[in-house]
Every structure is written in structure tokens, then in C-alpha cells.
Amino acid sequence: MRVRRPGAGAGPERAAGSVGLMSATAVSGTRSWRRAVDDLVRGWEQHQLWGHLGWQDIRQRYRRSVLGPIWISITMAVTAIALGILYAGLFGHDLSVQLPYLLTGFIIWNFISGCVSEGAEVFTSNVGLITHLPAPLSVHVYRLIWRQTLFFLHNLAVYAVMLVVFPQHLHWSDLSAIPAFGLLVINGVWIALILGIVTTRFRDLMPIVQSVMQLAFFLTPIVWIYTDLLHSTNPTIAERARLAELNPFLHFVEILRRPMLGQPQELRFWVVVLVITVVGWALTLFMLRRYRARVSYWV
Amino acid sequence: MNVSPDAPEVSIVTTDACVDFPIFDAKSRSLKKTLVGVVGGNIADGARVPIIEALRGINLKLETGARVGLVGHNGAGKSTLLRLLSGIYEPTRGIADIRGRVAPVFDLGVGMDPEISGMENIIIRGLFLGMTRKQMEQRVDDIAEFTELGDFLQMPLRTYSTGMRVRLALGVVTSIDPEILLLDEGIGAVDAAFLDKSKKRLSELVDRAGLLVFASHSDEFLRELCDTAIWMEHGQIRAQGELEEVLRAYKGMP
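This one's a predicted model, so the numbers in the text were calculated from it and none came from an experiment.

Caption draft 1: Quick peek at the overall build of chain B. From N to C terminus, chain B includes 8 helices and 10 strands. Taken across its 254 residues, chain B has 54% of its residues classed as buried. Partitioning the contacts of chain B with sequence separation of at least 6, the portion at a separation of at least 24 is 71%.

Right, here's the structure in full:
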């Protein structure tokens with residue numbers, strides 16, 4: 001779908017040099033739905049810019065180090081191996097169960113928490129760019145999600161090694177991991193947008209978001225195996241384990257971790273995620289329509 | 001809303017546009033009130049959050065070929081006006097209608113990364129200014145020749161002297177084809193020989209641009225690039241017209 005902007009006539013001279021960013025904008029009717037959608041679409045058209053910047057962010061972090069971005073994978077591997085051995089011992093699980101579970105959980109969680117925590121400062125950390133360049137807000141969000149996706153891809157290398165060491169019973173149907181990751185990305189965009197807008201106005205929310213995410217890490221089954229507790233012989237524990245499903249993050253983790261480990265999938269996780277996606281985007285479009293133009297005043 | 005066919009391709013029209021800044025961290029209002037003076041906009045009373053009325057009642061109509069200089073004291077609203085005209089600040093009240101590709105040059109350094117090479121910075125800065133990667137790659141030679149940086153273009157930007165950075169930034173900025181060019185002073189710190197060269201390039205850039213708004217304290221530069229001027233005071237347009245007339249009024253000469 002392409003949204004035509006007013007004033008963006010298809011003159012040949014415009015086609016030559018024009019990218020969405022600097023294209024014609026009619027600054028009237030500041031709070032309209034079209035302007036909100038426009039922001040998302042024009043931001044997307046700037047993919048050369050945010051694509052480049054996302055890469056730059058990663059290379060920047062590992063500049064002058066010999067291994068460079070490979071450090072992302074190494075860090076993940078070391079964490080997963082160390083914690084895998086620790087928790088396998090603590091819970092009395094087999095390492096071949098605990099380690100793959102923990103590794104996939106960590107990879108997915110890193111993506112989710114990256115989108116949420118960095119989403120909370122996506123506009124406040126780009127003050128310079130926002131007050132100097134008339135770019136759509138979504139450019140900064142796309143850059144963030146792209147950067148997180150690149151992190152995720154680096155971590156997938158560790159997952160691939162794990163598949164060799166601890167083979168999982170993967171099936172064709174486990175390709176559902178791809179749309180599942182797509183859903184995570186789509187949700188990452190709205191959550192970064194909405195958190196970015198709200199925290200720009202209310203700065204106190206930033207530490208709150210950080211601590212909520214830290215807490216959520218422990219509440220979400222990443223190191224502890226949720227299904228084991230569900231089938232626990234102790235009925236009280238099994239009953240309490242059901243409460244974990246009230247945690248929305250659980251559903252996001254499950255739709256992707258289950259296919260990655262070749263485990264049977266359950267429809268209810270997908271339904272919850274789809275409902276959150278729709279409701280979240282509706283809310284975000286509303287916020288974007290109302291407060292998009294205010295962000296450059298608030299930063 | 002559609003573009004009427006006879007409307008000019010590039011234009012900026014504002015009607016009673018106002019820019020109000022909410023100041024969330026200002027606790028003491030009374031202190032703020034005392035600050036209403038010669039410097040800055042007006043701080044409005046009545047609202048719970050103090051508001052600085054940075055711009056008030058801006059009525060402008062600029063069309064293709066306009067070469068407008070912007071004069072006024074510090075804090076008179078020049079930079080805010082440029083940001084309004086670029087679309088960064090959408091007016092809190094009133095209307096601003098901007099048609100055309102905007103190239104805002106407020107800060108030569110924005111978007112420059114000290115850790116990457118000058119060459120890469122050229123590409124990134126170009127992307128920020130609305131060019132594509134291909135277009136910038138075509139211009140790299142031209143920029144290299146103009147900046148006289150030679151092999152230094154392969155070095156990280158942090159190894160550059162201030163003057164070299166300005167050269168690079170000017171080189172990129174003057175290589176683009178903007179429809180609306182918004183310039184905010186800061187074009188100093190270059191050696192004299194280079195300044196002559198950049199002036200030529202700058203006026204070529206201005207010739208290419210459909211519309212120019214240039215904020216500066218230098219009469220010399222203003223005379224070189226502009227033919228009309230706007231005098232900003234306390235966030236409002238004090239006078240607008242022929243460059244020399246406005247300059248005379250601004251300087252308080254008869």
C-alpha cells in the first residue's frame with residue numbers, strides 16, 4: 001500500500017533526488033490519521049538511511065575490537081553455557097534439555113527486552129537528529145528494531161551451533177518460527193513507538209520501564225521450564241504455574257521458542273499474540289495521530 | 001487537500017503560525033516571569049505548565065526564487081522559525097504549508113560520526129539530507145576535490161581539525177540539490193582562501209535551490225546571498241521587505 005502525500009507530484013525532477021524524508025509535507029491538519037500513517041510509510045521509504053544507521057550502531061559498538069560483532073555471539077554462547085550448566089544442576093535437569101531451552105529463551109528475550117527498554121529512549125536519545133532534521137519519527141524506531149534484529153541474527157549463529165551439539169527434532173511445521181519472529185518485529189515497532197512517545201513526555205517512566213523489564217525476565221519462563229511445573233505432581237505448583245500465562249511476554253516467547261526447539265505448538269499462544277498485536281497497533285496509531293507532532297517539542 | 005495545478009512547485013505558506021514550547025522542568029514560575037525581557041520569546045501565564053511562546057502570528061508567503069535573509073537578536077526566534085519552515089516543529093496554532101524537498105543546514109556537524117571515515121560520513125550526511133546512496137557516491141569525487149582533503153577522507157573523522165570538519169560538512173551540504181534550502185549561520189571557522197571558494201559554491205548551491213532562507217549576523221554574507229529580509233523580534237516578524245531597508249531598520253539607522 002502506498003499513501004500519496006499531498007504536493008508530492010510525480011514530476012520527473014522530484015523523482016530524481018527525492019526520498020521520503022525531505023519530500024513535500026503539508027503541515028496542516030496536524031492531528032489526522034493520514035499524517036500518522038504517512039509517518040510510518042515515509043519512514044519506511046527511508047530504509048537506506050535507517051538500514052545504514054542500524055549497521056553503523058552495531059559496528060560502532062565493537063569498533064577497534066579484533067572480533068567485532070562476533071562478540072555478540074560469543075557473549076550469548078558463554079552466558080547460555082554457564083547458566084545452562086548451573087540451572088541443569090540446580091533443577092536436576094539434563095543439560096541437553098536445559099541448555100537449548102535456556103539459549104533459545106535468552107535469544108528471544110534479548111530481542112524483546114531490547115525493543116522495550118531501548119524503545120523507551122528511542123526519541124530522547126535522538127534529540128540532535130529530531131531537532132535538526134525533519135524526518136518521520138518512525139525512522140528512529142525502524143533503526144532501533146533493525147539493530148535488534150541484527151543482534152538476533154548474530155545470536156542465531158549460536159543457535160545453529162547448538163543444533164549441531166544438541167540436535168532437536170525439527171519438523172517442516174517448525175518453519176512457523178519465521179512468521180513468529182515477524183510478529184515479534186511488528187510488535188516491537190508499536191511498543192517502541194508508544195513507549196518512545198510516552199517517555200519523552202514523562203521521563204519518570206524510563207526507569208520504571210527498565211525495572212519492569214528486569215522483573216519480567218524472572219517472571220517469564222526463560223531459565224525455569226514452564227511446562228515441567230504445569231505437569232508437576234504437586235497440584236498446588238501446577239495450579240500456580242498456570243498464573244504464568246497471565247504474563248504477556250510468555251506468549252511472545254512461546255510462539256517462537258517452541259518451533260525453534262521442535263516442540264508441539266499450541267494455538268492459544270498465537271491467539272494471545274495476535275490480539276495484542278491488533279490492540280497495540282490500534283492504540284499506537286491513536287497515540288501517533290494525537291502526539292506525533294508534539295515529540296519534537298518534548299525532546 | 002489537493003495541489004491546485006497552477007500552484008508553484010516549491011513554496012512555504014504560513015498563516016498565523018505559532019510555536020509554543022511547554023517547559024516541563026520549570027518549577028518556579030516567578031523566576032521565569034522575571035526573565036521576560038529583551039532576550040527570548042514571551043513566557044505565557046495561566047497554563048499549569050509554563051509555556052514559552054517562541055513564535056507568534058507568523059504570516060509568510062515564500063515562493064520559488066525567494067532569497068530571504070533572517071535577522072534579529074539572539075533568541076528572537078530565528079532558529080525556531082527555520083525549524084518551523086522545515087517542518088520539524090509543526091505549528092501549535094495556525095497553519096504551515098511546506099511544499100518541496102527541504103534541506104535544513106542548521107548545524108554543520110549533525111549526523112556526523114567521529115569514529116567513521118570522512119568518506120562514510122559523506123554518504124551518511126547525504127542520506128540525512130534526503131539524497132540516495134547512489135547520488136552521494138556520484139558526488140564523492142566532486143566533494144573530495146572541493147574539500148582538498150585527499151587521503152584524509154579515508155581517515156576517521158576524529159582525526160580531523162575543526163577547519164577540516166567544516167570543509168567536509170560544507171562540501172557535502174553544497175553538493176546536494178535542495179528545493180528549499182534553510183541555512184543557519186555557523187559558516188565561519190574556515191581559512192580565508194577556502195572561504196572564497198566556499199562562497200562561490202554556496203552561491204551556486206543557492207542558485208540551484210528553489211527557495212532560500214538564511215539566518216545570519218553577517219551583513220556581508222546576507223548581501224551576497226539574499227535580496228529580501230525578515231527582521232525577527234520577540235518571536236514575531238517585526239519587519240519584512242527589501243534587504244537593505246530591513247537591515248537599516250534593524251541597525252537603527254534612519
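Once you've had a look at it, read on.
Caption draft 2: A look at the confidence of the model for chain A. Taken residue by residue, chain A gives an average pLDDT of 86. The fraction at 70 or more is 90%. Scored below 50 in pLDDT, residues 1-28 of chain A makes 87 contacts in the model with residues more than four places away or belonging to other chains.

Caption draft 3: A look at helix α4 (residues 133-147) of chain B. All names here are of chain B. With 15 residues, α4 extends 20 Å from end C-alpha to end C-alpha; this agrees with the ideal 21 Å at 1.5 Å per step. The sharpest bend along α4 reaches about 40 degrees and sits at R139. Within the sequence span of α4, burial applies to Q135, M136, R139, V140, I143, F146 and T147. Positive phi shows up at E148, right after α4, with a value of about 55 degrees.

Caption draft 4: Structural detail: the nonpolar core. Counting residues in each nonpolar core, the largest one holds 157 residues, and the members touching the most others are I112, F123 and L256 of chain A together with L81 and L181 of chain B. With near-sequence residues (within four places) excluded, L81 of chain B lies in contact with L55, I58, L60, L70 and M232 of chain B. With 5 residues, the next largest nonpolar core counts I58, Y62, I72 and L150 of chain A among its residues.

Caption draft 5: Summary view of unusual backbone geometry. In this structure, R64 of chain A is a non-glycine residue whose phi angle is positive, near 70 degrees. Note that R64 of chain A resides in the loop between α3 (47-61) and α4 (70-91). Of note, the phi angle at D16 of chain B is positive, near 50 degrees, even though the residue is not glycine. Checked against the element boundaries, D16 of chain B lands in strand β1 (residues 11-22).

How each quantity is defined
Residues numbered from 1 in each chain as written. Chains lettered and ligands numbered in written order. Predicted model: local features only at pLDDT ≥ 70, side-chain atom pairs only at ≥ 80, totals over all residues. Heavy atoms only, no water. Helix = DSSP H or I, 4+ residues; strand = E, 2+ residues; numbered from the N terminus. Buried < 20%, exposed > 50% of the residue type's maximum accessible area, 1.4 Å probe, protein only. Contact = heavy atoms within 4.5 Å. pLDDT = per-residue confidence, 0-100. Expected span 1.5 Å × (residues − 1). Bend = angle between axes of the 7 residues up to and from the residue. Core = buried A, V, L, I, M, F, W, Y, C linked by side-chain atoms within 4.5 Å.

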